[in-house]
Amino acid sequence: MATTAPTGSPPSQPSLTHSPPPRKLTSVKALSESPGLSSIPSIYTFPKQPNHEPVSDTKEPIPTIDFSLLISSNPDERSKTIRELGKACGDWGFFMVTNHGVPERMMKAMIEVCREFFELTEEEKGECEGKHVLDPIRYGTSFNPSVDKILYWRDYLKIFQHPAFHSPSNPPSFREIALDYSKRTRGVMKEIVRGISESLGLEDKYIEKASNLENCLQIMIANLYPPCPQPELAMGLPAHSDHGLLTLLIQNDTVGLQVLHKDKWVNIHPIPNSFLANIGDHIEILSHGKYKSVLHQAVVNDRDVRISIALAHAPAADAAVSPAPMLLEDGQNPLAYQAMKYKEYVELQQSNKLDGKSCLEHIRNRGI
Ligand code: OGA
Ligand code: NI
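Rules used in this analysis
- Residues numbered from 1 in each chain as written.
- Chains lettered and ligands numbered in written order.
- Predicted model: local features only at pLDDT ≥ 70, side-chain atom pairs only at ≥ 80, totals over all residues.
- Heavy atoms only, no water.
- Axes fitted to C-alpha atoms, helices over the stretch in contact; angles between N-to-C directions.
- Helix = DSSP H or I, 4+ residues; strand = E, 2+ residues; numbered from the N terminus.
- Parallel < 35°, antiparallel > 145°, perpendicular 65-115°, else oblique.
- Left-handed = near helix turned anticlockwise from the far one by under 90°.
- Contact = heavy atoms within 4.5 Å.
- Nonpolar A, V, L, I, M, F, W, Y, C, P; charged D, E, K, R; others polar.
- Donors = N, O, S within 2.8 Å, 3.2 Å for Na, K, Ca; no water.
- Buried < 20%, exposed > 50% of the residue type's maximum accessible area, 1.4 Å probe, protein only.
- Near = heavy atom within 4 Å.
- Polar contact = N/O pair within 3.5 Å; in protein donor to acceptor, adjacent residues only side chain to side chain.
- Areas by Shrake-Rupley, 256 points an atom, 1.4 Å probe, with all protein chains shown as cover.
- Pairing = 2+ DSSP bridges.
- Expected span 1.5 Å × (residues − 1).
- Arc of directions from axis to C-beta.
- Phe/Tyr/Trp six-rings, centres within 6.5 Å; stacked < 30°, edge-to-face > 60°.
- Core = buried A, V, L, I, M, F, W, Y, C linked by side-chain atoms within 4.5 Å.

Our next topic: the packing of helix H4 (residues 104-119) against helix H6 (residues 174-199). At their nearest, the axes of H4 and H6 sit 10 Å apart, and the two run at 135° to each other. Relative to H6, H4 is oriented oblique. As H4 packs across H6, the resulting crossing turns out to be left-handed. Of H6, the residues touching H4 (which contributes Met106, Met107, Ala109, Met110, Val113, Cys114 and Phe117) are Phe174, Ile177, Ala178, Asp180, Tyr181 and Arg184. Looking at the contact of H4 with H6 residue by residue, the classes come out as 11 nonpolar, no polar and two charged.

This part covers the coordination of the nickel ion (ligand 2). The protein atoms that coordinate the nickel ion (ligand 2) are His240 (NE2), Asp242 (OD) and His296 (NE2), at distances spanning 2.1 Å. Site description for the nickel ion (ligand 2): donor spacing in sequence, H-x1-D-x53-H. Of this pair, His240 sits in strand E7 (residues 237-240) while His296 sits in strand E12 (residues 296-298), and the two are 56 residues apart along the sequence. Here His240 matches His296 in class, with each residue buried.

In the neighbourhood of ligand 1, the contacting residues comprise Ile221, Asn223, Tyr225, Leu237, His240, Asp242, Leu249, Leu257, His296, Arg306 and Ser308. Here Tyr225 contributes a side-chain N or O atom positioned 2.6 Å from an oxygen atom of ligand 1. Measuring from an oxygen atom of ligand 1, one finds a side-chain N or O atom of His240 at 3.1 Å. When ligand 1 sits alone it has 290 Å² of accessible area, and the protein chains cover 94% of it.

This paragraph deals with the pairing of strand E6 (residues 217-225). Burial runs high along E6: nine of the nine residues are buried. Of the two faces of E6, both are covered, the one formed by Leu217, Ile219, Ile221, Asn223 and Tyr225 as well as the one formed by Gln218, Met220, Ala222 and Leu224. Bridge count for E6 against strand E13 (residues 306-314) is nine bridges, and the pairing is antiparallel. Its bridge partner being in E13, Asn223 is matched across the sheet by Ser308.

In this section: the sheet that holds E13. The sheet built from eight strands is open, its strands ordered E2-E3-E11-E8-E13-E6-E5-E4 with mixed pairing. Edge strands, defined here as strands with exactly one partner in the open sheet, are strand E2 (64-66) and strand E4 (137-141). Pairs of neighbouring strands in the sheet enclose a mean axial angle of 25°, with direction left out of account. Bridge analysis of E2 against strand E3 (residues 94-98) gives three bridges, and the strand direction is parallel. Following the sheet pairing, Asp66 is matched in E3 by Thr98. Across the sheet, H6 touches E3, strand E5 (155-162), E6, strand E8 (246-251), strand E11 (275-279) and E13, and the angle it forms with E8 is around 130°.

The omega torsion across His162 and Pro163 is 5°, close enough to zero to call that bond cis. With respect to the secondary-structure elements, Pro163 resides in the loop between E5 and H6. For the bond running from Asn170 to Pro171, omega is 0°, close enough to zero to count as cis. Among the secondary structure elements, Pro171 is positioned in the loop between E5 and H6.

Its 16 residues give H4 an end-to-end C-alpha distance of 23 Å, which sits within 8% of 22 Å, the value for a rise of 1.5 Å per residue. Taken together, the buried positions of H4 are occupied by Met106, Met107, Met110, Ile111, Val113, Cys114, Phe117 and Phe118. The buried residues of H4 occupy an angular sector of 165° when the element is viewed end-on, so they sit on one face. More than 90 degrees from the buried face of H4, the exposed residues found are Arg105, Lys108 and Glu119.

A few words now on the packing of aromatic side chains. Taken as a whole and assessed by the stated rule, the structure comprises five aromatic pairs. Look at Phe46 and Tyr152: their rings are 5.7 Å apart centre to centre, the planes differ by 20°, and that puts the pair in the stacked class. Taken as a pair, Phe46 in the loop between helix H1 (28-32) and strand E1 (55-56) and Tyr152 in the loop between E4 and E5 lie far apart in primary sequence, 106 residues in all. For the pair shown, Phe46 and Tyr152 are each scored as buried. When the ring of Phe117 is compared with that of Tyr139, the centres are 5.7 Å apart and the planes differ by 70°; the resulting orientation is edge-to-face. Here Tyr139 lies in strand E4 and Phe117 lies in helix H4, a separation of 22 residues in the sequence.

On to the packing of helix H3 (residues 75-91) against H6. At a minimum axis distance of 9 Å, the contact between H3 and H6 shows a crossing angle of 85°. With respect to each other, H3 and H6 are oriented roughly perpendicular. Note on element contacts: H6 touches H3 through Ile192, Gly195, Ile196, Glu198 and Ser199, opposite Arg78, Ile82, Leu85, Gly86 and Cys89. Broken down by class, the residue content of the contact of H3 with H6 amounts to five nonpolar, three polar and two charged.

Now for the nonpolar core. A general tendency of soluble globular proteins is for nonpolar side chains to be buried together. Core analysis: the largest hydrophobic core is formed by 89 residues, its most contacted members being Phe95, Met110, Phe174, Ile192, Ile196 and Leu246. Here this core takes nine residues from H6, the largest share from any one element. For Ile196, the residues in contact, after removing those within four places along its chain, are Leu85, Cys89, Ile207, Leu246, Ile279, Ile283 and Tyr291. Membership of the second largest hydrophobic core comes to 17 residues, among which are Phe143, Leu151, Ala234 and Leu354.

In structure tokens, the structure reads:
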């Protein structure tokens, strides 16, 4: 059933890996709906969250970027917004994007059709179960159950949207909605990446060219976090950074995302009809650490279903990104981040357990 119909440019599928296929596991959705469930199985129980610093009650708001000003033909408005964007990347690594032009109904339709997907029977969803970490359509639970010792309270659907578009064939309307949504979101991403490039003092198309954004890998990650009877013991997603360039996330009305800011976990309350954007490891690499990818995590609650849809935008599979030479200061080593093809990087991340910024650490040439 999980047909994949490439459109546009020819598919450039990443190469094979050798990691074992995920174990067959019950979805958390099915588990959360088991009658009388009042405690969670021990495989979902975290003894003590190692990086659960107290959640900050700071009212310092997450930065907001008005997209309409970023693409403004008024040069003063545009450069002011680019400065704000640079500050948001440097201070937080996370920001809201308003007035982006993607219709609200399209965002809502995307969330609804993902909800419908998760409501299919386990057999139906099982047809989308990928065998391999780089399969273009992968339904599953936790992060990587073949290496997760404790499972996360999360089911997911990951679909490659670009350079080749893929879609599950069920629900039938998924394809059309996702095709529109992913195209429009890519347009927003491209403008933000141009702004980030300029904010670093680079030519506006620098990052675009260096990462071959024309053939960028765009992956939709739909996350389902069902209500959990013991939310304080479970975790939706552990602390991690995103591996690509820029992630644009939308969600239903339930909060759950936390961002590490000044060593404190901050709850994020998204502005309705906005994107929550965050920079990934490859902006950190390109900017030579000037803008750092930021740790974030998802917590769960005992009342409401939470759905989030992240569109991760990454360099083309064969692009090997390294720091922009003009950003190196005297005495800094151009090899501080070892260049690695994106597909190898993502394979490294997806085949291992999700662990903070361990992938980025892996390619950092220490001591130089
Ligand atoms: C992700 C992610 C957070 C969320 O999918 O990479 O960080 O709020 N999701 O679901
Ligand atoms: Ni993430």
